[in-house]
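Residue-level listing of the chains:
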Amino acid sequence: PFHMPGHKRQPSKSIFDAAFSFDITEIDAFDNLHHPEGIIKELQEKMADIYHLEESRILVNGSSSGILTAISAAVKKNGRIIMARNSHKSAYNAAYLRNLEISYIYPEMINEYGMNGGIEPDAVSRAIEKNPDAEAVFITSPTYEGVVSDVESIAQICHTAGIPLIVDGAHGAHFGLNEEFDKKYGTKATGNIADITIISLHKTLPAFTQTAACLASGSLVDRERLREFYSIYQTSSPSYLFMAGVDNCLRLLENEGEERFKKLMDELDIIRSENYRNIKIIGKEIKGSNGVYGFDETKISITAGGMTGRELYDILRCSYHLQPEMASLKYCLLMTSIMDTEEGFERLRKALREIDDEIQGRDRDQRISIELLENQTVMRIEEALEAESRISNFEDAQGKVAASWVYAYPPDIPLIVPGERINSEIIKKITEMRESGINIIGTDKYRTVK
């Protein structure tokens, strides 16, 4: 191999030897991700067939690259986008790069759990009526916690207005792959409903981290523009190891998907049917209100007596060696997939039973919530980030205009966006979150517009 990569597929007496043997580059017969004509084209066609849609394109830079691609292709530079305020930071990055004006729509709030609900179709309709110059609508469904919005109704509203709907479906790559699963949980796939749907294969399916897909339907977004921006935001040196992993994932779904989905649903039924006294697993009871159209029960969000989500997270991780996905103020999130084992579920059930017994009689603290506040937007993101700025203590930033981001990680949803005026309420809210153990990024050496 007188070509890249430099490891030459030779063993180096390390645990990576097997990976090196599969890592290749765009030599003869190995196709080109940016102009697929062979094996990559076949792989993308297979994915489109499995998801029952028109076009799919592999993403090796994660869903973030797909979101950047979709927004850039759908909305002209300096244009306007209607965007859900609980969008991932990559959507805001797209708005920054394209200098977009953002008109926000806010998810409903499930106050009992301090959790974002869904986006109501009526909210989308009002936003389009108020912003007739908007060129696209962008929402997240499902959310990190599994909340599904009524995407079909929202798409109809957008299409009646002649604008495309883009859905960040990163956490729903498993939607549309098993009819029984979708019927049971109301988790309809959006690939053929929205104009562009971005899914993260690696989040909920057996695929390598960074692997995702951009799914396209309809004619409201110019496919050539979509491909142009796809080439801009995707690396010119795509990982063949990642793409081989996608191929392996699709083969497993074809050969074992039905059996594995059935086993997963059985385990979810068992763990959700446990009779806890002080622990609650959030589930389908939240459907039908707060914009919640469907609920993905593979996302196990747990509240426990008077504990914060961080306390429960730490107990599961340190005392039971079970690693949750994230901690919020009132709940702890665990993510499951078709690759989870009976042993893992049994250990989780045992842990929850023991924790449930230990916390009997503790009062639940309902004081703190994390709803997204409607901060005043003073300037566009691009203006704020390019403006002269000063470093401030975050606690002293009241009344100033943000020149940097503040967000909870995970899931990377900004609490403060550059260009928003900082008020006492958001300072108090973020301080409470930080003191409760939530990982807040961006408050150190905080920047405000001069």
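Because the structure is predicted, anything quoted here is derived from the model rather than measured.

Asker: Where do I start with the packing of aromatic side chains in this structure?
Answerer: Here the distance between the centres and the angle between the planes together describe a pair of aromatic rings. Within the structure shown, the criterion is met by nine aromatic pairs. A network of ring pairs unites the aromatic residues Tyr-92, Tyr-104, Tyr-106 and Trp-405 as a single cluster. Across from the ring centre of Tyr-230, 4.5 Å away, lies the NZ or CZ of Arg-57, which sits over that ring. The cationic tip of Arg-85 hangs over the ring face of Tyr-104; the distance from NZ or CZ to the ring centre is 5.4 Å.

Asker: Explain unusual backbone geometry to me, please; I cannot follow it from the model alone.
Answerer: Excluding glycine, residues mostly carry a negative phi; peptide bonds, for their part, are mostly trans. In this structure, the amide linkage connecting Met-4 to the following residue, Pro-5, adopts the cis form with an omega of -5°. Relative to the helices and strands, Pro-5 resides in the segment before helix H1 (17–22). At the junction of Ser-141 and Pro-142, the peptide bond is cis and its omega measures out at 0° in the coordinates. Structurally, the position occupied by Pro-142 is in the loop between strand S6 (134–140) and strand S7 (147–148). In this structure, Lys-8 takes a positive phi of about 60° despite not being glycine. Topologically, Lys-8 is positioned in the segment before H1. Even without a glycine there, the phi angle at Gln-210 is positive, about 95°. Mapping Gln-210 onto the fold places it in the loop between helix H8 (201–204) and strand S10 (212–216). Among the residues examined, Gln-210 registers a relative accessible area of 38% and is labelled partly exposed.

Asker: Would you mind going over empty space enclosed by the protein with me for this structure?
Answerer: To find the voids left in a structure, one rolls a probe of water-molecule size over its atoms. For the coordinates displayed, the defined rule picks out five cavities of 30 Å³ or more. Taken as a whole, the largest cavity encloses approximately 120 Å³ of empty space. Lining the largest cavity we find 16 residues, and of these Gly-172, Phe-175, Ala-189, Thr-190 and Thr-197 sit closest to its centre. Of the residues that constitute the lining of the largest cavity, the class distribution is nine nonpolar, six polar and one charged. Considered as a void within the structure, the second largest cavity measures approximately 90 Å³ in volume. Lining the second largest cavity we find Leu-100, Glu-101, Ile-102, Tyr-104, Thr-377, Met-379, Arg-380, Ile-381, Val-417, Pro-418 and Glu-420. Considering every element that reaches the lining of the second largest cavity, the biggest residue donor is strand S3 (residues 101–105), with three residues.

Cut-off values and rules
- Residues numbered from 1 in each chain as written.
- Predicted model: local features only at pLDDT ≥ 70, side-chain atom pairs only at ≥ 80, totals over all residues.
- Heavy atoms only, no water.
- Phe/Tyr/Trp six-rings, centres within 6.5 Å; stacked < 30°, edge-to-face > 60°.
- Lys NZ or Arg CZ within 6 Å of the ring centre and 35° of its normal.
- Helix = DSSP H or I, 4+ residues; strand = E, 2+ residues; numbered from the N terminus.
- Buried < 20%, exposed > 50% of the residue type's maximum accessible area, 1.4 Å probe, protein only.
- 1 Å grid on protein atoms, 1.4 Å probe; cavity = no way out; pocket = protein on both sides within 12 Å on 5 of 7 lines; lining within 4 Å.
- Points joined across faces, edges and corners; volume = space filled by probe spheres on them.
- Nonpolar A, V, L, I, M, F, W, Y, C, P; charged D, E, K, R; others polar.

From the geometry alone we can't say anything about function, so treat these as descriptive.
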